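Chain by chain, the residues run as shown.
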Amino acid sequence: MTRESFVAGLRLGIGPGAATFVLGVSFGAAAVAAGWGAVLPVVSSMFTFSGSAQFTLVTTLPTGTAAAAIAAALLINTRYLVMGIAINDSLRGGRWWRAVQSQALVDASFVGAHDGGGRFDVGRLVGMTVAQWTCWVTGTALGVGLQPSPDLLERLGADVVFPAFFLLLALEEVRSPRAAVALVVGGTFSGLAMLFLDPGLALLAATAGAAVAAAPIHRRARGDVGSPR
Amino acid sequence: MKAWIAVLVVTVGASLMKALGPLTLGRRRLPDPARRVVSLMAPALLAGLIVVELGGDGLGGLDRAQVAGVAVAGIAWRLRAPMLLAVLLGAVAAAALRLL
């Protein structure tokens, strides 16, 4: 991990960080409305640092048992099992140090740190995550303090921010026919899974799109599996 | 108290999910077929995230203004708008549609 790649990651993290900030405001307000008080939302954002899991907890805890809410929140994070395996070859050191480095995994960083061909720049990964973590925690604190209504945030188009960022990251990531296949098949699998399964499993189903795109039948496709940035 | 315990359990669980691969694999390299899959993981995962974000509950929660806003952001980016500006335009488009 070099200082240059870390700084590059910080810069790259500003865009997703801005989206994370908006979502953080929304999470902070939702958590206070759900009776979490002022401290727990910020503590959760500092240590859990998973928007999807935190939102799932906030919305499911008041309506069901704690066990069901925890299961739903963990289910939505199962994609990190796959991402942890994916990034392991690019990590350095023994298994415990690798496990520490893997804590920097979040969606946008996983994509932004990808150099192509299954290689990841760990410095860039950490830099991007530091930027997003800062924005996520700050946004949560602001949401706790201001408590804007979810209706206001939606009227301002805040719900567009995250999927729009994911779309732009996807458009940047599609640099080969195989990547395009992975995108289309992953989206299709996820959409089909959404009809019957929990969103967490639908996300996991999307990763199967990568397996389909990498299947030997596509070997003759030009452009192979992505080129280094 | 229930919320504090739930947050603690989810924090530990989420952390373990990230660490499980590196903890079990250590310095062992992935075989070539698995590396090929890994190299295509990012676009597949992004597609899933977009679908889940837009789909709502079982795809029943599709919001036309949100979908249109995301499309506007994509078009703006294709027309060489910087990423942040493209997203901002998408949010403004969705907000405008909701005003109508």
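Since the structure is predicted, the reported quantities are computational estimates derived from the model, not experimental observations.

1. Comments concerning the overall build of chain A
Each helix and strand in chain A was counted, giving 13 helices and 2 strands. For 229 residues, the compact-globule estimate of 2.2 N^0.38 gives 17 Å, and the C-alpha radius of gyration of chain A, at 18 Å, lies within 12% of that figure. Expressed as lengths along the three principal axes of its C-alpha atoms, the size of chain A is roughly 55 × 45 × 35 Å. Here chain A, with 229 residues, has 53% of them falling under the buried criterion. Here chain A displays about 9400 Å² of accessible surface, and carbon together with sulfur accounts for 69% of that area.

2. Some points on the interface of chain A and chain B
If you look at the interface, chain A gives 89 residues, while chain B gives 66 residues. Both sides of the chain A and chain B interface together cover about 6900 Å² of buried area, and 75% of this is carbon and sulfur. Close ionic contact of B:R98 with A:D159 constitutes a salt bridge, the shortest N to O distance being 2.7 Å. At the junction of chain A and chain B, the tally comes to 15 residue pairs in polar contact (both at pLDDT 80 or more). Among the elements that make up the side of chain A that touches chain B, the one with the highest residue count is helix α11 (residues 158–173) of chain A (15 residues).

3. What about helix α3 (residues 41–55) of chain B?
One turn of the α-helix equals 3.6 residues, which is why residues spaced by three or four share an orientation. Residue and element names in this part refer to chain B. Its 15 residues give α3 an end-to-end C-alpha distance of 21 Å, which sits within 8% of 21 Å, the value for a rise of 1.5 Å per residue. In terms of residue burial, α3 counts as a mostly covered element, since 14 of its 15 residues are buried. One or two positions beyond α3, positive phi appears at G56, with a value near 70 degrees.

4. Describing the pattern of salt bridges
Opposite charge on two side chains allows them to pair when their charged atoms are near. Residues and elements named next belong to chain A. Considering all chains together, one arrives at 8 salt bridges over all chains under this definition. Across the pair R79 and D107 runs a salt bridge, and its minimum N-O distance is 2.8 Å. With R79 in helix α6 (residues 79–87) and D107 in helix α8 (residues 107–112), this residue pair connects regions lying 28 residues apart in the sequence. Each of D115, D121 and R124 takes part in one network of salt bridges that share partners.

5. Regarding the layout of surface pockets
If a probe as big as a water molecule is rolled over the atoms, it shows which places are left empty. Here the largest pocket is characterised by a volume of approximately 1300 Å³. Forming the walls of the largest pocket are 44 residues, and the residues nearest its centre are A:L23, A:G51, A:S52, A:F55 and B:E53. Looking at which element gives the most residues to the lining of the largest pocket, the answer is helix α4 (residues 51–60) of chain A, with 7 residues. Residue composition of the lining of the largest pocket, grouped by class: 25 nonpolar, 12 polar and 7 charged. One number sums up the size of the second largest pocket: a volume of about 550 Å³. Every residue lining the second largest pocket is counted, 30 residues in all, and those nearest its centre are A:V100, A:Q101, A:A104, A:V122 and A:V126. Contributing elements (two or more residues each) for the lining of the second largest pocket: α3 (39–47), α7 (95–101), β2 (119–120) and α9 (122–146) of chain A together with α1 (2–25) of chain B. If one sorts the elements of the lining of the second largest pocket by residue count, α9(A) sits on top with 6 residues. Among the residues making up the lining of the second largest pocket, the classes are represented as 13 nonpolar, 10 polar and 7 charged.

6. Quick notes on the environment of B:L97
All names here are of chain B. Along the chain, L97 falls in helix α5 (residues 83–99). Accessibility expressed as a relative area gives 40% for L97, which makes it partly exposed. Separated by 70 residues in sequence, L97 and R27 have C-alpha atoms that sit 52 Å apart.

7. What to know about the side chain of A:S109
Summarising the element assignment, A:S109 is placed in helix α8. Beyond its immediate stretch of four places on either side in the chain, A:S109 contacts A:A104, A:L125, A:M128, A:T129 and A:Q132.

8. Overview of the confidence of the model for chain A
Residue and element names in this part refer to chain A. Looking at chain A as a whole, the pLDDT averages 88, with 94% of positions reaching at least 70. Of all the helices and strands in chain A, helix α10 (residues 150–155) carries the lowest mean pLDDT, 83, while α3 carries the highest, 97. Predicted confidence is poor over residues 221–229, with pLDDT under 50, and the contacts of this stretch with residues over four places away or in other chains come to 26 contacts.

About the cut-offs
- Residues numbered from 1 in each chain as written.
- Chains lettered and ligands numbered in written order.
- Predicted model: local features only at pLDDT ≥ 70, side-chain atom pairs only at ≥ 80, totals over all residues.
- Heavy atoms only, no water.
- Helix = DSSP H or I, 4+ residues; strand = E, 2+ residues; numbered from the N terminus.
- Rg over C-alpha atoms; globule rule 2.2 N^0.38 Å.
- Buried < 20%, exposed > 50% of the residue type's maximum accessible area, 1.4 Å probe, protein only.
- Areas by Shrake-Rupley, 256 points an atom, 1.4 Å probe, with all protein chains shown as cover.
- Contact = heavy atoms within 4.5 Å.
- Buried area = accessible area lost by both parts, 1.4 Å probe.
- Salt bridge = Lys/Arg side-chain N within 4 Å of Asp/Glu carboxyl O.
- Polar contact = N/O pair within 3.5 Å; in protein donor to acceptor, adjacent residues only side chain to side chain.
- Expected span 1.5 Å × (residues − 1).
- 1 Å grid on protein atoms, 1.4 Å probe; cavity = no way out; pocket = protein on both sides within 12 Å on 5 of 7 lines; lining within 4 Å.
- Points joined across faces, edges and corners; volume = space filled by probe spheres on them.
- Nonpolar A, V, L, I, M, F, W, Y, C, P; charged D, E, K, R; others polar.
- pLDDT = per-residue confidence, 0-100.

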